[in-house]
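Chains, contacts and geometry: an overview
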Amino acid sequence: MNLNFHNNQSRLTMTINSKLLTLSLLAVFALSACKKDKEEDDHDHGHGHDHNEEELITTVRASFTHSVTNDVVEFSWVDTDGDGGNAPVITGGDLQAGSTYAVSLLLLNESVSPADTVSNEVADEAAEHQFFFSTTGGSLTWGSYADADPNGLPLGLATVWSTAAAGSGNLTIILRHEPNKGAAGVSAGDITNAGGATDIEVAIPYTVL
Amino acid sequence: MAYLAVPLASLAQPASCALVLSGRVIDEHDGEALSCAEVFIPVLGKGGVASDQGLYRIEGLCPGTYLVQVSHLGCESLMRELKLTASTTVDFKLEHHAEELRELEVIQKRPDEQVGQPVKSVDRADMERASGTGIAELLARVPGVTVLATGPSIGKPVIHGLSGNRVLILNQGIRQEDQQWGSEHAPSLDPLSADRISVVKGAASVQYGSDAIGGAVIVEPVELPRLAGMSGELRGLGQWNGRGGGGSGLLEGGVKGITGLGWRVQGSGRYLGDSEAARYTLSNTGQREWSGSASVGYRDHRRGFSLLYSRFERELGILRAAHIGSTTDLQRAIESGEPWYTAPFSYAIDAPRQTVTHHLLRVQGSIALSDRNRLDVNYGYQANDRQEYDIRRAGRSAIPALDLWLATHTAEAVLKHWIGKHVHGKAGVMALTQENTNIPGTGVRPLIPDFRKESIGAFIIEHAPIGERLELEAGARVEGTLIDIRRFDSEGELQTPEHRFTNSAFALGASYQLSDSARLRLGLASAYRPPHVSELYSEGLHHSAAAIEEGDASLGSERSVKATLDAEAVLFGGRLRIDATLHASRIDGFIYLRPAGTRLTIRGAFPVFRYTATDALMGGADASAALRLSKRFAWRMRGSTVLARDQHQDEWLFLMPADRLENGLLFRTASGGKWRAFEAGAAHQAVFEQRRIPVGLDFAPPPSTYHLFALSASASRTLGKGELRIGLQANNLFNTAYRDYLDRFRYFTDARGTDIVLSVRYAFGRFAEQSLHRAG
């Protein structure tokens, strides 16, 4: 009596087990299928892997144009292979004493070919970016912003600088992403209350002759 | 041992009670008396053992409703609710299997017992008291466990100072594989899906395989019902801080006519906006969670089978002010002392943010090969789908900066065997295969490369009870791991290095019952962990840490040996309960990030940190005590301390938990009108300034000592066929502004301010019984 009962039960379990097994196998396939789709999708995009950094900024070029002679002096900070690898190449320049310069900045990603003009992206999102400048040593002085975002607040791809007596020092260019442009002093170029995340912070040597 | 299981609740019973519960315990099949059966009222900690004739008697009972537990070796234990108004005679029938099953039951009763290791649990009642928190905060109730946080929304459990890949999480019997290498990666599971979460505070590789160097967190599944009849539970939660809440529901049942077949469905959700610190809003720290599971299974005393699928989904925002780009930004954040970005409260989650979906499919089978030997087979498939979004230019914030798909298959076969009365245990084999894929399209160089990992292992653990009081345990495991990497170097060349690791572990344990109310556990065990791919091949800027992290492909496995001594005792006739753990360990090849100069990048100069191996020496103590002050009042205390030295550098290890001490006063009463199991408590927690720090490794000094206060109250009542429980809890009562050493966002912001949590739970069926059982 008892034995029979057990046998029945085991047969029942077997049926249930095999059904559940089928079900579970189906589920495994469903889950792995989900991943397959993703992979195929990627192959459609061509390049399988993100070994190039899209958003990388490798190059900062600052062109100083003399307000009277229109002579152009190029300053640059270039690290073509990005963080690590080869060290950056920093190129300073000579400026004239007692002069005013219009400065324009160009940002590039030269790790890809053709190079990306990152400053265009920055200009497109002017409201979310702002440059800040400072100098140490020498007589180069940052004067004012010469451009603005759609809200009438400064951006800094174009600026005005001046020199006094001869000497040398470093100029520092900082780009902040999503700064608080409304905070005290920020629209006048004071970085203290700007916040945001630093996208660029480079120092380049200069000489005033 | 039964003494140790006495809940603190039993300390509060009303006076003038003289009712007697008596009767007989008999076998359901043949009506024979079951001598030595135990009849126990857990709420009161009272019970009796049946005589040769199966007669039992419990005296000194008060009128009321009790849950009575009847158990006997070789029988399924029985829970029954009894309403006592006068002295009563009740006979219990137990389903008693063949005599020879007795020993088997002994093995089954504690399938994962660590004889020598301290194991502490958080049960559903504790979970309720900590409702509204993640699994890490929940486990921090266990002395010796702390939380490694990344702001208010991300927490990882730390056991004796170790976390991440050094703590193994076993979820539903399957090792959780969800990208634990990142400190901003919280475990992807819903603590409410478990009945009980246990923490093994020892090196536990023999039992669980690699990674369990710090210990293991075992999320124990709720057993499926075997009998017909529905049970269920509904929970609701309202949270002041974050202005949100959550809820969960569970429904389960058996199938009429097929004893042993049961099913369960469960779902939960959580929705929170920005958290608030004492003085400002923590902008962009909202979170959402959705999870659900369904399971079905059949089980009798000879075989069992179950199938479970669970899905967990989480989206969370990362403090906006912690998004920085350079060391200057970090320095500025530290100097200003408050977040540079705060906005009015919002539910919105913007970049930086992360989304995670974790799938788990588990198939389990179990069969009795003979009366005393059983084979358990366990298969799990997990897929972890993680996206992290950063603040990026030109609309790229909507494109994940990190997009990973981690798929893992695990399989295990364990033979629970019985060699003799003095030697029984289990032996098993396990295999794992895992594939990590960077989903292309992120436009960012992957933080960790694609890899494929395979490992295979075998283990054996034998228990040897010697006499009534002493039990010994010995075990060993070997495991081989193969990791195949696919990565592109800085020139864009594909490299496919391969790494092989072979490891072994041992465990020795002894458990000694000093008296009926005191037990000592002594354990000496080892654990191992092959380096994670992130430690071998990380390369690049870790933005929120403002550091460049570099892997070292020559790193070997970490190997640890840990000794633990754990004592549990109930003293002065149950008035004082103490539990203390001492531990000491040595980890060879301990991998950590060490400063290695600076590197000039376009965002300025960054410190470079390289994954480096050292030998670490750790030790510490944690303890808890509960003292019954009067019938209704109890005092409890818990504290822990950890010391960790870097042997190569002869200095302290970085980021080890600070000493802490918690004191609480508890008031409980069994009844008060319609309400019962009323409980109120006040608690104080002091976390001391961490003074044991390495020189020159940190960006800012450790935060100072802080004190937090909390209040809580809860009560239950019967409602319809079920039980309703309402709880109210206030954390950080005085809105203290503080920062915690183990919070990675301590450089940017204070931690959460006052929080008030209202929780409501309605349970019916066996869940109502369970809560009655523990409420008291």
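Residues numbered from 1 in each chain as written. Chains lettered and ligands numbered in written order. Predicted model: local features only at pLDDT ≥ 70, side-chain atom pairs only at ≥ 80, totals over all residues. Heavy atoms only, no water.

**Section: the confidence of the model for chain B**
Residue and element names in this part refer to chain B.
- The predicted model of chain B has a mean per-residue pLDDT of 86, with 92% of residues at 70 or higher.
- Note that residues 1-15 has pLDDT below 50 and, in this model, 42 contacts with residues that lie over four places away or in other chains.
- Every residue in residues 97-112 scores below 50 in pLDDT, and together they form 29 contacts with partners more than four places removed in sequence or on other chains. (pLDDT = per-residue confidence, 0-100. Contact = heavy atoms within 4.5 Å.)

**Section: the confidence of the model for chain A**
- Per-residue pLDDT for chain A has a mean of 79; in total, 75% of the residues score no lower than 70.
- Overall, residues 1-47 of chain A carries pLDDT values under 50, and its contacts beyond four positions in sequence, including any with other chains, amount to 40 contacts.

**Regarding a nonpolar patch on the surface**
All names here are of chain B.
- Taken together, the side chains of Trp-240, Trp-675, Ile-726, Leu-728, Ile-756, Leu-758 and Val-760 define a hydrophobic patch exposed on the protein surface, amounting to about 620 Å² of accessible area.
- Listed by contribution, the elements that provide at least two residues to the nonpolar patch are strand E43 (722-731) and strand E44 (755-764).
- Element by element, the count of residues in the nonpolar patch is highest for E44, at three residues.
- Within the secondary structure, Val-760 is located in strand E44. (Patch = residues over 30% accessible without salt bridge, like charges linked within 9 Å, V, L, I, M, F, W, Y side chains within 5 Å. Areas by Shrake-Rupley, 256 points an atom, 1.4 Å probe, with all protein chains shown as cover. Salt bridge = Lys/Arg side-chain N within 4 Å of Asp/Glu carboxyl O. Helix = DSSP H or I, 4+ residues; strand = E, 2+ residues; numbered from the N terminus.)

**Notes on the sheet that holds strand E16 (residues 215-221) of chain B**
All names here are of chain B.
- Strand order across the open sheet formed by five strands is E9-E15-E16-E13-E14, with mixed pairing between neighbours. Each edge of the open sheet is held by one strand with a lone partner, namely strand E9 (119-123) and strand E14 (174-175).
- Strand direction decides the pairing type here: strand E15 (residues 194-200) and E16, joined by six bridges, are antiparallel. Paired with Ala-194 across the strands is Pro-221, a residue of E16. (Pairing = 2+ DSSP bridges.)

**Regarding the nonpolar core**
- Grouped together as the largest cluster of nonpolar side chains are 37 residues, with contacts concentrated most on A:Phe64, A:Phe75, A:Leu107, A:Phe131 and A:Ile173.
- With five residues, strand E11 (residues 197-208) of chain A is the largest single contributor of residues to this core.
- Apart from the residues within four sequence positions on either side, A:Phe64 is in contact with A:Asp71, A:Val72, A:Val73, A:Phe75, A:Leu95, A:Tyr101, A:Ala102, A:Val103, A:Leu140, A:Trp161 and A:Leu171.
- In this structure, B:Leu21, B:Leu61, B:Tyr66 and B:Val68 belong to the second largest nonpolar core, which totals 23 residues. (Core = buried A, V, L, I, M, F, W, Y, C linked by side-chain atoms within 4.5 Å. Buried < 20%, exposed > 50% of the residue type's maximum accessible area, 1.4 Å probe, protein only.)

**With respect to the sheet that holds strand E2 (residues 38-41) of chain B**
Residues and elements named next belong to chain B.
- Strand order in this open sheet of four strands is E3-E2-E5-E6, and the pairing throughout is antiparallel. In the strand order of this sheet, the two ends are held by strand E3 (46-49) and strand E6 (78-84), each with one partner. The average angle at which neighbouring strand axes cross in this sheet is 20°, direction not considered.
- Sheet topology note: the E2/strand E5 (residues 64-71) ladder contains three bridges and is antiparallel. Its bridge partner lying in E5, Glu-38 is registered against Ser-71. (Axes fitted to C-alpha atoms, helices over the stretch in contact; angles between N-to-C directions.)

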